[in-house]
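Remarks on the overall topology
Here is how the chains run, residue by residue.
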Amino acid sequence: MKIAVYPGSFDPVTMGHMDIIQRTSQIFDKVIIGVLNNRAKSPLFSVEERVKMLEEVTSELPNVEIQSFGGLLIDFVRQNQAQIIVRGLRAITDFEYELQMAQTNRVMAPEVDTLFLTTNLRYSYLSSSIVKEIAAGKGDIAAFVHPHVAEQMRRKLFG
Ligand code: ADP
């Protein structure tokens, strides 16, 4: 069984992430979305909230599972018997960091490969940070996130 891990902060999950998740779910038997529990990044949503939102927006993809993780990505990958790490590449600016991570992980875990999917051009400019900025400025984020996520953002920011 081919299992992929798609790791990230997903603070919150955007249409760009969803596009990668959907495409990955067609390639692999099982996709585990690893939601990074990283306190240093001071996220808008708690890891539990991010997991819940991902569960909601992927409910129609039966081979996608959501888990949170802390610590090293390769340990999480091994615990789940996965063989592949999936990452999305938006632009050249993503490349240097992603290459460094992939190469480091490969040295630490030679049996695990990193697979890069290029972003759907519709979402290549999109990031969680931009979505948060627009939402904080009371802008319309309907084109960027699932309606459930838009509602959670409205509640979080404006009560
Ligand atoms: P991280 O903190 O690890 O960068 P993110 O949640 O920002 O986590 O992103 C997780 C993954 O999704 C990364 O591989 C990132 O390049 C990818 N990604 C982010 N935004 C998009 C997008 N708009 N389209 C496709 N992939 C994206």
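The following refers to the structure shown. (Residues numbered from 1 in each chain as written. Predicted model: local features only at pLDDT ≥ 70, side-chain atom pairs only at ≥ 80, totals over all residues. Heavy atoms only, no water.)

Within strand S4 (residues 84-89), five of the six residues are buried, which leaves it mostly tucked inside the rest of the structure. Relative to S4, strand S1 (residues 3-8) runs parallel, the two sharing two bridges. Bridge pairing in S4 links Ala4 to Ile84. Summarising the sheet, S4 and strand S5 (residues 113-118) pair through six bridges and their orientation is parallel. Looking across to S5, one finds that Arg87 is bridged to Phe116. In terms of handedness, the path from S4 via helix H4 (residues 92-108) over to S5 forms a crossover that is right-handed. (Buried < 20%, exposed > 50% of the residue type's maximum accessible area, 1.4 Å probe, protein only. Helix = DSSP H or I, 4+ residues; strand = E, 2+ residues; numbered from the N terminus. Pairing = 2+ DSSP bridges. Right-handed = clockwise from strand over helix to strand, strands pointing away.)

With that out of the way, let us pick up helix H2 (residues 47-57). Regarding H2, the residues found buried are Val47, Arg50, Val51, Met53, Leu54 and Val57. One side of H2 holds all its buried residues, which, seen down the axis, span an arc of 165°. Away from the buried face of H2 by more than 90 degrees, exposed residues Glu48 and Lys52 are located. Where H2 is buried, its residues meet helix H1 (15-27), strand S2 (30-36), strand S3 (64-69) and helix H6 (147-158). (Arc of directions from axis to C-beta. Contact = heavy atoms within 4.5 Å.)

Taken together, 16 residues surround the ligand, and among them Tyr6, Ser9, Phe10, Lys41 and Gly88 come closest. For the ligand, an oxygen atom lies 2.9 Å from a polar atom in the backbone of Phe10. Contacts to the ligand include Leu126, whose backbone N or O atom sits 2.9 Å from a nitrogen atom. Alone, the ligand offers 550 Å² of accessible surface; in the complex the protein occludes 90% of this. (Near = heavy atom within 4 Å. Polar contact = N/O pair within 3.5 Å; in protein donor to acceptor, adjacent residues only side chain to side chain. Areas by Shrake-Rupley, 256 points an atom, 1.4 Å probe, with all protein chains shown as cover.)

Moving on to the sheet that holds S2. Ordered by their spatial adjacency, five strands build an open sheet running S3-S2-S1-S4-S5, and the pairing between neighbours is parallel. Two strands bound the open sheet, and with one partner strand each, they are S3 and S5. Mean inter-strand twist for the sheet, computed between neighbouring axes without regard to direction, equals 30°. Bridge analysis of S1 against S2 gives six bridges, and the strand direction is parallel. (Axes fitted to C-alpha atoms, helices over the stretch in contact; angles between N-to-C directions.)

Let us now look at the packing of aromatic side chains. Counting across every chain of the model gives three aromatic pairs. Between Tyr6 and Phe10, the ring centres sit 5.2 Å apart and the planes meet at 75°, which makes this aromatic pair edge-to-face. Among the residues examined, Phe10 registers a relative accessible area of 3% and is labelled buried. We note Lys138 situated over the ring of Phe158; from NZ or CZ to the ring centre the distance is 5.1 Å. (Phe/Tyr/Trp six-rings, centres within 6.5 Å; stacked < 30°, edge-to-face > 60°. Lys NZ or Arg CZ within 6 Å of the ring centre and 35° of its normal.)

Any link to function would need more than the numbers given here.
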